Amino acid sequence: INKKLYKNLISEQQFKHFSAEADHWAVICHENTHSLGPQSKSLGKYSSILEEYKADMGMYAFLDEFVAEGYFTDFDAKQIMVTGLFRCFMKGKPTLEQAHKTRALMICYRMIEEGAITFDKDSKLHFNFDKIKKLTKTMLAEVVRLQIDGDVKKAKAYIDRWFVWSNEIEIIAEVIRGYNKTLNGYVEEKFADLLISDGYENELLKELKNEAI
């Protein structure tokens, strides 16, 4: 995790809410939401996008309930919102074939458009926790309705409405690109260097042959 990147983009007041552990909690909540509600397969290429979108919406929309039941503290919930939403921002606009990244862009754009994420006086991201929780409940209801209806045209129109690479998102992306030049991930060079080294392929084949004996 590049803390310098996050510190340059998250408001000073809210940087304390960024947490690698909260990212783990967010993933658990996201995966659990997949088991809730419809999982329509009749929406073609839009099915996966909306299912991933739904899983994220449930992750945020149920935070108050998780806090009430004692699974998280209020501070934990704020960490999940800041960490999870910030990690939706990316370096470049994805294609519709990239379901996870498509849903991430839709979420970023919607949050900014509706004022749940704003820029503070230092041009850093500020997260409005009350708006995020209210908005995600609306977004969850919308996506579940689309899955129940199974109308491809409605699904397409919804995705097109929020799948927007705005000027604000480009500003954030430009900062991210300054820390990471790769388009869709991080490059681990050590293994790549090993793969192209002289004799590695022969050594690998020898090991596989010995294991087969």
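About the cut-offs
Residues numbered from 1 in each chain as written. Predicted model: local features only at pLDDT ≥ 70, side-chain atom pairs only at ≥ 80, totals over all residues. Heavy atoms only, no water. Helix = DSSP H or I, 4+ residues; strand = E, 2+ residues; numbered from the N terminus. Contact = heavy atoms within 4.5 Å. Areas by Shrake-Rupley, 256 points an atom, 1.4 Å probe, with all protein chains shown as cover. Axes fitted to C-alpha atoms, helices over the stretch in contact; angles between N-to-C directions. Parallel < 35°, antiparallel > 145°, perpendicular 65-115°, else oblique. Nonpolar A, V, L, I, M, F, W, Y, C, P; charged D, E, K, R; others polar. Salt bridge = Lys/Arg side-chain N within 4 Å of Asp/Glu carboxyl O. Buried < 20%, exposed > 50% of the residue type's maximum accessible area, 1.4 Å probe, protein only.

This brings us to the overall build of the protein. Helices and strands together make up the secondary structure of the protein, namely 11 helices and two strands. For the protein, the proportion of contacts with a sequence separation of at least 24, taken over those separated by at least 6, is 72%. Counting only carbon and sulfur atoms, one obtains 53% of the accessible surface of the protein, whose full area is about 12,200 Å².

In this section: the packing of helix α6 (residues 99-113) against helix α8 (residues 152-162). Relative orientation of the contacting elements α6 and α8 amounts to 60°, with a least axis distance of 8 Å. One way to sum up the angle between α6 and α8 is to call them oblique. In this structure, α6 contributes T102, L105, M106, Y109, R110 and E113 to the contact, and α8 contributes Y158, I159, R161 and W162. Partitioning the contact of α6 with α8 into residue classes produces six nonpolar, one polar and three charged.

Attention now goes to the pattern of salt bridges. Scanning all chains against the criterion turns up 12 salt bridges. Between K121 and D122 there is a salt bridge, and its shortest N-O distance comes to 3.5 Å. Here K121 falls in the exposed class, since its relative accessible area comes to 76%. Classification of D122 by relative accessible area gives partly exposed; the value is 46%. What you see here is one network of salt bridges that share partners, running through R110, E114 and E142.

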